[in-house]
Amino acid sequence: MEKPDILMLNPMRPLAEPALARHANVHKLWEIADQDAFFADVGPRVRGIIAFVASCPRALIEKLPRLEIIANSAVGYDGIDVKAAAEHGVVVTNTPDVLTDEVADLAIGLLLATIREIPRAEKYLHEGRWPQGPYPLTATLRGRSVGIIGLGRIGKAIARRLEGFDVPIAYHGRRKQSDTAYTYHASLIDMAEAVDTLIAVTPGGAETRHIVNADVLRALGPNGILVNVGRGSVVDEKALIEALKSRTILAAGLDVFENEPHVPAELIALENAVLLPHVASASVHTRDAMAQLAVDNMLAVLAGKPPLTPVPETPWPPKK
Ligand code: NDP
């Protein structure tokens with residue numbers, strides 16, 4: 001039987017291609033010189049798209065009339081037009097759970113690095129400045145209270161870890177959750193007023209764009225710490241830079257940015273910002289687990305079986 005054709009949008013972990021190639025003809029978009037010719041000749045046969053953090057606008061989905069699945073090797077799928085996918089009966093899958101603990105670990109690391117100035121203290125030693133005197137005293141996690149924006153899979157894993165640090169925990173989301181005793185705030189600004197440490201771990205997209213804005217930062221106050229491991233679009237970066245410069249808040253730890261991989265020079269120059277290049281899930285172990293789940297979703301659908309982890313916007317079976 002002819003193998004189905006699938007399109008890989010960007011390089012994935014090494015395990016992905018051989019596993020897919022046993023069952024499908026894998027076309028690697030970044031290696032195709034004449035993409036117009038590819039979409040004209042092979043496009044009508046392509047049944048699946050797979051990628052690491054896929055970017056899939058409507059125009060791409062509509063170029064592939066036999067498309068059945070977009071298998072995203074990431075949990076966030078704000079780069080995929082899920083509405084267009086749903087309209088065309090295409091299932092979108094992501095990689096929930098397999099990265100939860102890794103991202104939560106990094107969030108805690110980033111929180112401590114920000115409050116206790118770990119990168120700056122290390123730099124101080126590396127620069128040979130210790131003999132001239134001890135590193136200045138820092139802020140503390142002791143006595144803080146933490147508000148989590150987005151108490152989902154990762155938010156809950158962060159909260160579980162924070163319980164070990166003996167800090168009170170609150171959360172903000174669109175609804176109060178019945179299975180948790182953490183304090184719920186329907187309003188983000190109210191939560192920012194009530195706590196001094198915010199950790200953002202919501203999805204990106206239009207609904208959460210700039211929900212952390214100048215007003216929220218002002219409410220957080222001069223002892224305030226903001227950590228963002230969700231999506232860069234959730235925070236108004238300009239307002240954050242202003243708040244860090246004017247000490248409206250104390251410091252920020254960011255793994256995600258509005259225009260990745262470009263980070264404003266103004267932000268890089270700030271001493272009270274700890275900045276990471278979007279690495280929260282970036283261990284070999286976890287990136288392999290994500291790639292494997294994306295492959296398993298793809299192979300299931302190509303074999304006529306249900307996908308393992310469809311996103312809520314494209315329930316299975318699709319309505320074609
Ligand atoms: P979940 O879907 O389990 O959790 C998302 C949470 O966000 C839910 O609690 C939801 O609560 C809340 N939320 C959704 N929309 C809004 C809104 N408009 N306002 C307030 N809260 C909202 O996802 P995960 O925990 O698995 O992942 C969360 C996000 O983390 C991903 O979407 C991704 O963007 C990011 N991420 C970043 C990584 C990195 O490398 N830095 C790695 C992995 C994930 P409710 O429904 O009650 O509103």
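Note that the coordinates shown come from a computational prediction; the quantities given were computed from them, not determined experimentally.

Conventions we followed
- All residue numbers refer to positions counted from 1 along the written sequence of the respective chain.
- Under the rules for a predicted model, residues below a pLDDT of 70 receive no local features and side-chain atom pairs below 80 are neither given nor counted, while totals for whole chains, interfaces and linings still include all residues.
- The basis for the side-chain values is all heavy atoms of the structure; hydrogens and waters are excluded.
- Working definition: helices are DSSP H or I runs of at least four residues, strands are E runs of at least two. Numbering for both runs from the N terminus.
- Atoms considered for the radius of gyration are the C-alpha atoms alone. The globule rule reads 2.2 Å times the number of residues to the power 0.38.
- Whether a residue is buried, partly exposed or exposed follows from its accessible area with a 1.4 Å probe, protein chains only, as a fraction of its type maximum: under 20%, in between, or over 50%, in that order.
- Residues are treated as being in contact if the distance between any of their heavy atoms lies within 4.5 Å.
- Whether a residue is near a molecule or strand is decided by its heavy atoms; if any one of them lies within 4 Å of it, the residue is near.
- Any pair of nitrogen or oxygen atoms within 3.5 Å is treated as a polar contact; in protein, a donor-acceptor pairing is required on top of that, and neighbouring residues in sequence qualify only through side-chain atoms on both sides.
- Using the Shrake-Rupley algorithm and a 1.4 Å probe, accessible areas are obtained, with residue cover drawn only from the displayed protein chains.
- Gly is placed with the polar residues, together with every amino acid not listed as nonpolar (Ala, Val, Leu, Ile, Met, Phe, Trp, Tyr, Cys and Pro) or charged (Asp, Glu, Lys and Arg).
- A pairing counts as a salt bridge when a side-chain nitrogen of Lys or Arg comes within 4 Å of a carboxyl oxygen of Asp or Glu.
- Multiply 1.5 Å by the residue count of a helix minus one, and that product is the helix's expected span.
- The pairing criterion is simple: DSSP has to find at least two bridges between the two strands.
- A clockwise path from the first strand over the helix to the second, with the strands pointing away from the viewer, defines a right-handed crossover.
- For this analysis, a nonpolar core means a set of buried residues of the types Ala, Val, Leu, Ile, Met, Phe, Trp, Tyr and Cys, connected via side-chain atoms within 4.5 Å.
- The axes used here are C-alpha line fits, helices contributing only the stretch in contact, and every angle between their N-to-C directions lies in the interval 0 to 180 degrees.
- Angles are sorted into four bins: roughly parallel if under 35 degrees, roughly antiparallel if over 145, roughly perpendicular if 65 to 115, and oblique for all others.
- If you view the pair so one helix is near and one far, a crossing is left-handed when the near helix is turned anticlockwise from the far one by less than a right angle, and right-handed when it is turned clockwise.

(A) The overall build of the chain, seen in detail. Counting its secondary structure elements, the chain contains 12 helices and 12 strands. Here the C-alpha radius of gyration of the chain, 22 Å, is about what a compact globule of 320 residues would show, namely 20 Å. When its C-alpha atoms are laid out on the principal axes, the chain stretches across 70 × 50 × 30 Å. Within the chain, buried positions represent 51% of all 320 residues. Contacts in the chain between residues at least 24 apart in sequence constitute 58% of all its contacts with a sequence separation of at least 6.

(B) Here's a closer look at the site of the ligand. With respect to spatial proximity, 26 residues lie near the ligand, and among them Gly152, Arg153, Ile154, Arg174 and Asp255 are the closest. Backbone polar atom of Arg174 to an oxygen atom of the ligand: 2.7 Å apart, as the coordinates give it. At 3.3 Å, a side-chain N or O of Glu207 approaches a nitrogen atom of the ligand. Expressed as a share of its isolated accessible area of 920 Å², the protein-covered part of the ligand is 89%. A class-by-class count of the residues in the shell around the ligand yields 10 nonpolar, 10 polar and six charged.

(C) A look at the pattern of salt bridges. In this structure the tally under the stated criterion is 20 salt bridges. In this structure, the salt-bridge partner of Glu271 is Arg120, at a minimum N-O distance of 3.2 Å. Of the two residues, Glu271 is situated in the loop between helix 11 (265-268) and strand 12 (273-275) and Arg120 in helix 6 (residues 118-126); the sequence distance between them amounts to 151 residues. For Arg120, a relative accessible area of 33% translates into the label partly exposed. If you follow the salt bridges from partner to partner, you end up with Arg58, Glu62, Lys83 and Glu87 in one network.

(D) Region of interest: helix 5 (residues 100-115). Along its 16 residues, helix 5 runs 23 Å from first to last C-alpha, staying within 8% of the 22 Å computed at 1.5 Å per residue. The inward-facing, buried residues of helix 5 contact helix 6, helix 7 (153-163), strand 9 (197-200), strand 10 (225-228), strand 11 (251-254) and strand 12. Positive phi shows up at Glu117, right after helix 5, with a value of about 55 degrees.

(E) Quick look at the pairing of strand 4 (residues 69-72). Burial along strand 4 is two-sided: the face carrying Ile69 and Ala71 and the face carrying Ile70 and Asn72 are both buried. By the bridge criterion, four bridges tie strand 3 (residues 46-51) to strand 4 in an arrangement that is parallel. Paired with Ala51 across the bridge in strand 4 is Asn72. Once you follow strand 4 into helix 4 (residues 82-87) and on to strand 5 (residues 91-93), the crossover reads as right-handed.

(F) Focus on the nonpolar core. Core analysis: the biggest nonpolar cluster contains 32 residues, and Leu111, Ile148, Ile158, Leu162, Ile199, Val227 and Val229 have the highest contact counts within it. Taken together, the elements giving at least two residues each to this core come down to helix 5, strand 6 (146-149), helix 7, strand 7 (169-172) and strand 10. The element that contributes the greatest number of residues to this core is helix 5, accounting for eight residues. One finds Ala170, Leu217, Ile241 and Phe257 within the second-largest nonpolar core, a separate group that totals 28 residues.

(G) Quick look at the sheet that holds strand 5. Read across the sheet, five strands follow the order 2-1-3-4-5 without closing on themselves; strand pairing throughout is parallel. Each having just a single partner strand, strand 2 (25-28) and strand 5 make up the two edges of the open sheet. Direction aside, neighbouring strands of the sheet carry axes that sit 20 degrees apart on average. Sheet analysis places strand 1 (residues 5-8) next to strand 3, joined by four bridges and oriented parallel. Note that in strand 3 the partner of Asp5 across the bridge is Val46. Each of strand 1, strand 3, strand 4 and strand 5 is contacted by helix 12 (residues 284-302), which is oriented at about 170 degrees to strand 3, the strand it contacts most.

(H) Structural view of the side chain of Lys28. With respect to the secondary-structure elements, Lys28 resides in strand 2. For Lys28, a relative accessible area of 19% puts it in the buried group. Apart from the residues within four sequence positions on either side, Lys28 is in contact with Met8 and Glu17.

(I) Up close: the packing of helix 5 against helix 7. Put simply, helix 5 and helix 7 touch, their axes get as near as 8 Å, and they point 55 degrees apart. Classed by the angle they form, the pair helix 5 and helix 7 counts as oblique. Classified by chirality, the crossing of helix 7 by helix 5 is right-handed. Across the interface between the two elements, Thr100, Asp101, Val103, Ala104, Asp105, Ala107, Ile108 and Leu111 of helix 5 pack against Arg153, Ile154, Ala157, Ile158, Arg160, Arg161 and Leu162 of helix 7. Its residues assigned to classes, the contact of helix 5 with helix 7 comprises nine nonpolar, one polar and five charged.

Keep in mind that these numbers describe shape and distance, not what the molecule does.
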